[in-house]
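Examining the three-dimensional arrangement
Letter by letter, the chains look like this.
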Amino acid sequence: MAEIVIKDLTYVYGKGTPYEMKALDNVTVTFKDNMITGLIGHTGSGKSTLVQMLNGLLRPDSGEVFLDGKNIWDEPKEISKVRFKVGLVMQYPEYQLFDETVRRDIAFGPGNMGMKPDEIEKAVEEAARFAGLKPHLLEKSPFDLSGGQKRRAALAGVIAMHPEVLVLDEPAAGLDPGARREILQRIRDYQRESGKSVIIVSHSMEDMAMYCDRVVVMANGAPVIEGTPAEVFSRAEELYSVGLDVPEVTKVARALRDCGVDIGLDIYTVKFAASRLPGVIEQ
Amino acid sequence: MKNSIAFGQYCEGSSFLHKLDPRWKLVLAVLYIVTIFLCKNVFSFVLVGVTAVGLVLLSEIKPVLILRSLKPLIMIICITAVINIFWLKGETLLWQFGPVSIYLEGIFNALLIVVRVVLLVAVTTLVLTYTTTPIALTDGLEQLLAPLARIKLPVHEFSMMMTIALRFIPTLLEETEKIMNAQRARGADFSTGSLAKRAKALVPILIPLFISAFRRAEELAIAMECRCYTGGEGRTRMNVLHSSYRDVVAVLVMVAILAGVLVINRFAPGYSISM
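Residues numbered from 1 in each chain as written. Chains lettered and ligands numbered in written order. Predicted model: local features only at pLDDT ≥ 70, side-chain atom pairs only at ≥ 80, totals over all residues. Heavy atoms only, no water.

**Quick word on the layout of surface pockets**
The calculated volume of the largest pocket comes to roughly 1,600 Å³. Lining of the largest pocket is provided by 45 residues; of these, A:Tyr13, A:Gln52, B:Glu174, B:Glu177 and B:Lys178 occupy positions nearest its centre. At 11 residues, the largest contribution of residues to the lining of the largest pocket is made by helix α8 (residues 155-185) of chain B. Looking at the lining of the largest pocket residue by residue, the classes come out as 17 nonpolar, 16 polar and 12 charged. (1 Å grid on protein atoms, 1.4 Å probe; cavity = no way out; pocket = protein on both sides within 12 Å on 5 of 7 lines; lining within 4 Å. Points joined across faces, edges and corners; volume = space filled by probe spheres on them. Helix = DSSP H or I, 4+ residues; strand = E, 2+ residues; numbered from the N terminus. Nonpolar A, V, L, I, M, F, W, Y, C, P; charged D, E, K, R; others polar.)

Have a look at this one:
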C-alpha cells in the first residue's frame, strides 16, 4: 500500500538558458492510497512533468517527493527501486514496445527487477489478463497488434512489475471510443481487484468523471482544485477560468437550473443525473 | 538536454561574419584551407595565423567556444605530432637511441602540422558552424553545386535530404529521450554494468527509435506527395540569398592572403616542410 506525498516541489526546464520555463511551481499535493486519482489540466499545466516526478524520472529543483513517508531522493542510487514501486505508463506507450513477442516485451520490466523465471511467467500471464490480452496474442510480434492491443500490451508491461502505485499518462489518448472505454474500464477493474492506488492523467472531463474517485486540477504548474468529482465539477466557473471544461451532463444540469429545475450542480455522470431526476420531477 | 548536444552550435549574432552570404562563406572556407596547405614556412604560417585571429575578432564569438571545438581533436593532434617527431630525418640530430632518433627538423615539422590542423578546424567551425545556421549552409551548398545539375546530378534532392536530416535531429533527440524514459520506468539501466551489458541495454531504445524514424519518413513522404512535390525544377525559394559588398570584400581579402602566402613561399624560404 502506498501513498505519495509531494511537498513544495518546484521544477524549471532549461535552467540558466534563455529558454528557461517553470513547469512546476511550489506544488503540494497528496495522492491517496487505494483509489483512482485523476490529474486534470490544460496542455502545459505541468501534469506530465509532475507525473515524471512521482517515480524519479525527473529530479525536483526544490521540494520533496515522499513514497510511504520516505523521501525518494534520500538515496539517489536506489531510485530504480522507486521505479519498480511506482509503475509509470507514459503517453503513447505503444512506441516503447521492442521485443520479438508480446510475452517477452511484458517480461522486460519483471526481468529488470530480478524476478525468477517462474515468477515472471506468472506475472506476465496475470498482467495480460488484467490488460485484456488474449493468450494467443502473447506469442505474436508486438508490431502485428492493432493500436488498442498495443496500448494494452504496454499497460501489461507495467502492471507485470506489480507496482504499488500505477501512474498512467493519458492512457486513452488517440484511441477510438470503444478502445477508450475498454482500457479505462480495465484500469478501473485492476484497481478494484488489487486495491492499489492508480493515478490517471487526462484532459477528458467525461473520462475523469466516470472513472475517478478523486480529482486534482492543475493549472500553471500547481494544483488549483482538489476533491471528489462531485465537488470539483460543481465548481464549473473555476474550471472554465483555467481553460478546462465540465462534463456535458453537468452543463445540462446547469442549464436546467437556469430554467428553474434544480437537480443540483454536483451532477457529473448521466447515471447520477438519472437517479436524481425522479425525485425532482415528483416535487 | 537540447543545449548539451554538440551539434549545430550556431551562435546567434549579427557580426560581419554572420552577415556574409553562406555561398561565399563556403568559398572562403575552401580558399582558407587551400591557403593553409600552401604554407611552406614560418612567415606564411604567421600570416594565416593572424588571419584566423582576425576572423575570430570579426565573428564576435568567445574564443573559449573555439577552443572547445578543438577538444575532440586533442588525441588526433597528439598522435600526429608524435609520429612526425620520430619520422622526419634531418641534419641536426638531437637524440638517438638505437633505431629511434629525433631531429630538430622533426620537432619543427610536427609543430607546424599541429598549427595547421588547429587552424583548419578552428576556422572552418568558426565560419561554417558557429556563424552559419545549418539551413543557410545547405541552401548555400545547393546553389554552389547547382551547375552540377547540368550533368544530371540530383543536386536539389541531395540538399533536400540534408535539410530534412537536419530538421529531424531535434525531433529524434526528443523521441530518444521519451523512449529512454519509458524504458527506465520499466527498470532499464543504461549507465552501469560492463560494456557488453550496456550495449545490450541499447536494444530497447534503438528498435522503437528505428521503427518510429521509418514511420516518420513514410508519413513525410506521403505528405509531400499529397502536396505534389516534384523536386527542384521550377521551384522558387522562400529565402533568396543575396551577396553584398561584404562578400566581395571578404573574398578579395582572402585571395590577397593566398597570394601573400605564395609570395612569401617564393621569396622567404626559411624552414620548409615536406609533406
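**Observations regarding the packing of helix α2 (residues 22-38) of chain B against helix α7 (residues 134-145) of chain B**
Residues and elements named next belong to chain B. Where α2 meets α7, the closest approach of the two axes is 8 Å, and the angle between their N-to-C directions is 80°. It follows from the interaxial angle that α2 and α7 lie roughly perpendicular. Here Pro-22, Arg-23, Leu-26 and Val-27 of α2 come into contact with α7, specifically with Ala-136, Leu-137, Gly-140, Leu-141, Gln-143 and Leu-144. Among the residues forming the contact of α2 with α7, the class breakdown is 7 nonpolar, 2 polar and 1 charged. (Axes fitted to C-alpha atoms, helices over the stretch in contact; angles between N-to-C directions. Parallel < 35°, antiparallel > 145°, perpendicular 65-115°, else oblique. Contact = heavy atoms within 4.5 Å.)

**So, the interface of chain A and chain B**
The partner chain B presents 17 residues to the 21 residues of chain A that form the contact. Roughly 1,600 Å² is buried in total at the junction of chain A and chain B, and carbon and sulfur atoms are behind 62% of that figure. Contact with chain B buries area across many residues of chain A, yet A:Tyr95, A:Gln96 and A:Phe98 alone supply 33% of it, more than any other trio. Between A:Asp105 and B:Arg186 there is a salt bridge, with its nearest N and O atoms 3.1 Å apart. One can count 4 residue pairs in polar contact (both at pLDDT 80 or more) joining chain A with chain B. (Buried area = accessible area lost by both parts, 1.4 Å probe. Salt bridge = Lys/Arg side-chain N within 4 Å of Asp/Glu carboxyl O. Polar contact = N/O pair within 3.5 Å; in protein donor to acceptor, adjacent residues only side chain to side chain.)

**Section: the pairing of strand β1 (residues 93-97) of chain B**
All names here are of chain B. Of the pairings in the sheet, the one linking β1 to strand β2 (residues 100-103) comprises 4 bridges and is antiparallel in character. By the bridge assignment for β2, Trp-95 is matched with Ile-102. Taking the residues that link successive antiparallel strands as the turn, the β1-β2 hairpin has 2 residues, and the phi of Gly-98 there is positive, at about 60°. (Pairing = 2+ DSSP bridges.)

**Comments concerning the domain arrangement of chain A**
Residues and elements named next belong to chain A. Partitioning chain A into structural domains gives domain 1 (1-74 + 164-234) and domain 2 (247-283). Listed per partner, the contact involves 8 residues of domain 1 and 8 residues of domain 2. At the junction of domain 1 and domain 2, the tally comes to 0 salt bridges. At the boundary of domain 1 and domain 2, one finds 1 residue pair in polar contact (both at pLDDT 80 or more). Counting only elements with at least two residues in the side of domain 1 that touches domain 2, the list comes to α8 (205-211) and α9 (229-233). (Domains from an automatic or database assignment.)

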